[in-house]
Amino acid sequence: MARYTDRGLILRRFPYGESSLIIHVLTESFGRVHLVARGAFRAKSKLCGLLDIFDTLELTWSQSVQSTMGELQEGQLKTRRRDLTRDLTRYQTALAGLELASTAAREGLPDRSLFELLDAFLDYTSDSTRVPAIELLAFDLALLAGLGLAPVLDTCASCGNSAAPVDEAGARAAFSAGAGGRLCRKCATEARAQGVRVGTLGVEVLSAAAILSLRSAAERAALPPMPEDLFRRLRDFVDRFLEYHLETKLRSRPLPVATS
Ligand SMILES: [Zn+2]
């Protein structure tokens, strides 16, 4: 039995037996880890009341090399984010972030940047000066980028050349999730001929996604409020792109729309 200590964020929790809990944890150094917390519901247990979602914990567990499940020995609270459980919009937004991180986190695949991304997202979402809906969009786009799946937003995803709008008014661009993003007219025509699904998206939606992808957290907080119609279209675009590339239906979405 080896013994490990690491910071972690609980992705999912399941009751186990009468008084125990199984937790799926995104750790800083070991990737996704599955642990049984024996007696976690007993009032006398030192684990009682500790294992809440949204909090950053420091956990110590033992695990044999052959086993896919470790045994939690002890834990300490590092960052409590109780505010997330007091506001329904922030709570649902944080849950949506956990669900997405859970989809991306793999056992045996350390991913420090995913841990840091989720840890920071939970901080921002509990910050009353920030707009949770915008923080989730930025989190989604950063997570896609971390997986090497960021949508190509300003040039052609296929040939790399500039991708001009495809309508006379200059308002819409050809876009294909399967091709990885925006397409120029020539590549859009070729992709359609090969049976790839190509649609069109408002250029302003792609620009808004690019802004959220590039800005730092401090810059994001200083952005003017996003018009609700633009937010809805951007949210829809990012959800479709996530579901296409992660091959999953995200249960915790769609979320209530609140852009301020
Ligand atoms: Zn092209």
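Read on for a plain summary of the structure.

What counts and how
For every chain, the first residue of its written sequence is number 1, and the numbers climb from 1 along that sequence. The predicted origin of the model limits local features to residues at a pLDDT of at least 70 and limits the giving and counting of side-chain atom pairs to 80 or more, whereas totals for whole chains, interfaces and linings rest on all residues. Calculated side-chain values reflect all of the structure's heavy atoms, with hydrogen atoms and water omitted. Numbering of helices and strands runs from the N terminus, with a helix taken as a DSSP run of H or I at least four residues long and a strand as a DSSP run of E at least two residues long. Each residue's exposure class comes from its accessible area (1.4 Å probe, protein chains only) as a fraction of the maximum for that residue type: buried when under 20%, exposed when over 50%, partly exposed otherwise. The criterion used for residue contact is that any of the two residues' heavy atoms lie within 4.5 Å. Here the accessible surface of atoms and residues is derived via Shrake-Rupley with a 1.4 Å probe, and residues count as covered only by protein chains that are part of the display. At least two DSSP bridges between two strands are required for those strands to pair. For helices, the axis comes from a line fit to the C-alpha atoms of the stretch in contact; other axes are also lines fit to C-alpha atoms, and the angle between any two N-to-C directions lies between 0 and 180 degrees. Listed donor atoms are N, O and S within 2.8 Å of the metal (Na, K and Ca: 3.2 Å). As water is not included, a site may look incomplete. A four-donor site is called tetrahedral if each angle lies between 85 and 135 degrees; a four-donor site is square planar, and a six-donor site octahedral, when trans pairs exceed 155 degrees and the remaining angles lie between 65 and 115; all other cases are labelled irregular. Expected helix span is taken as 1.5 Å per residue step, with the number of steps being one fewer than the number of residues. Pairs of N or O atoms within 3.5 Å make up the polar contacts considered here, provided that, within protein, one atom can donate a hydrogen while the other can accept it, and that residues adjacent in sequence are counted only when both atoms are side-chain atoms. As used here, the term nonpolar core means buried Ala, Val, Leu, Ile, Met, Phe, Trp, Tyr and Cys residues forming a set that is joined through side-chain atoms within 4.5 Å. Counted as salt bridges are all cases of a side-chain nitrogen of Lys or Arg within 4 Å of a carboxyl oxygen of Asp or Glu. Working rule for angles: under 35 degrees goes down as roughly parallel, over 145 as roughly antiparallel, 65 to 115 as roughly perpendicular, anything else as oblique. Each residue is assigned to one of three groups, with Ala, Val, Leu, Ile, Met, Phe, Trp, Tyr, Cys and Pro labelled nonpolar, Asp, Glu, Lys and Arg labelled charged, and all others, Gly among them, labelled polar.

1. Some remarks on the overall build of the chain
Then comes step 1: Each helix and strand counted, the chain has seven helices and eight strands in total.
Then comes step 2: Across its three principal axes, the chain shows a C-alpha extent of roughly 70 × 40 × 30 Å.
Then comes step 3: For the chain, the proportion of its 260 residues judged to be buried stands at 45%.
Then comes step 4: Sequence separation of at least 24 residues holds for 63% of the intrachain contacts in the chain that already meet a minimum separation of 6.
Then comes step 5: As displayed, the chain offers around 13300 Å² of accessible surface, 49% of which is attributable to carbon and sulfur atoms.

2. Observations regarding unusual backbone geometry
Then comes step 1: Backbone geometry at Phe54 places phi at a positive 80 degrees, although glycine is not the residue there.
Then comes step 2: The topology assignment puts Phe54 in the loop between β3 (32–37) and β4 (56–63).
Then comes step 3: The phi angle at Glu247 is positive, at roughly 50 degrees, despite the residue not being glycine.
Then comes step 4: The topology assignment puts Glu247 in the segment after α7 (228–246).

3. Some points on the sheet that holds β4
Then comes step 1: Judged by pairing direction, the barrel is mixed, and its five strands sit side by side in the order β1-β2-β3-β5-β4 before closing back on the first. Each adjacent strand pair in this sheet contributes to an overall mean axis angle of 50 degrees, direction not counted.
Then comes step 2: Helix-sheet contacts for helix α1 (residues 88–104) involve β1 (2–16) and β3, and the interaxial angle to β1 is about 120 degrees.
Then comes step 3: Packed onto the sheet, helix α2 (residues 112–125) meets β1, β2 (20–27), β4 and β5 (70–79) and runs at close to 55 degrees relative to β1.

4. Points about the coordination of the zinc ion
Then comes step 1: Of the protein atoms, only Cys156 (SG), Cys159 (SG), Cys184 (SG) and Cys187 (SG) coordinate the zinc ion, at distances of 2.3 Å.
Then comes step 2: Taken together, the four donor atoms surrounding the zinc ion define angles of 101 to 113 degrees at the centre, an arrangement classified as tetrahedral.
Then comes step 3: Sequence positions of the donors to the zinc ion reduce to the motif C-x2-C-x24-C-x2-C.
Then comes step 4: The class for Cys156 is buried, based on a relative accessible area of 2%.
Then comes step 5: The class of Cys159 is partly exposed, set by a relative accessible area of 36%.

5. Here's the deal with α1
Then comes step 1: For α1, with 17 residues, the first-to-last C-alpha span of 25 Å sits near the 24 Å given by 1.5 Å per residue.
Then comes step 2: Looking only at α1, the buried set comprises Arg90, Thr93, Ala94, Ala96, Gly97, Leu98, Glu99, Leu100, Ala101, Ser102 and Ala104.
Then comes step 3: Looking at the buried side of α1, the elements it contacts are β1, β3, α2, α3 (132–146) and α7.
Then comes step 4: The N-cap of α1, judged by a side-chain oxygen 3.0 Å from the amide nitrogen of Thr89 a few residues on, is Asp87.

6. Some points on the nonpolar core
Then comes step 1: Within the largest apolar cluster, 46 residues are counted, with the highest numbers of intra-cluster contacts made by Leu118, Leu122, Phe139, Met226, Leu234 and Phe237.
Then comes step 2: Elements supplying a minimum of two residues to this core: β1, α1, α2, α3, β6 (172–176), α5 (203–214) and α7.
Then comes step 3: Beyond its immediate chain neighbours, meaning those up to four positions away, Phe139 contacts Gly97, Leu100, Ala101, Leu117, Leu118 and Phe121.
Then comes step 4: In terms of nonpolar packing, the next biggest core, distinct from the first, is built from 15 residues, Val33, Leu50, Leu57 and Leu59 among them.

7. Re the pattern of salt bridges
Then comes step 1: A complete count under the given rule lists 22 salt bridges for this structure.
Then comes step 2: For Arg235, the salt bridge identified is with Asp239, shortest N-O distance 2.7 Å. Of this pair, Arg235 and Asp239 both sit in helix α7, four residues apart, which is roughly one turn of the helix.
Then comes step 3: Look at Arg235 and you get buried, because its relative accessible area is 10%.
Then comes step 4: With relative accessibility at 14%, the residue Asp239 sits in the buried group.
Then comes step 5: Each of Arg13, Asp52, Asp55 and Arg80 takes part in salt bridges that share partners, so that together they form one network.

8. Structural notes on the packing of α2 against α3
Then comes step 1: α3 packs onto α2 with a crossing angle of 175 degrees between their chain directions and a minimal axis gap of 10 Å. Judged on the interaxial angle alone, α3 and α2 are roughly antiparallel. Two secondary-structure elements touch here, α2 through Leu114, Leu117, Leu118, Phe121, Tyr124 and Thr125 and α3 through Pro132, Glu135, Leu136, Phe139, Ala142 and Leu143.
Then comes step 2: The residue makeup of the contact of α2 with α3, split by class, is 10 nonpolar, one polar and one charged.

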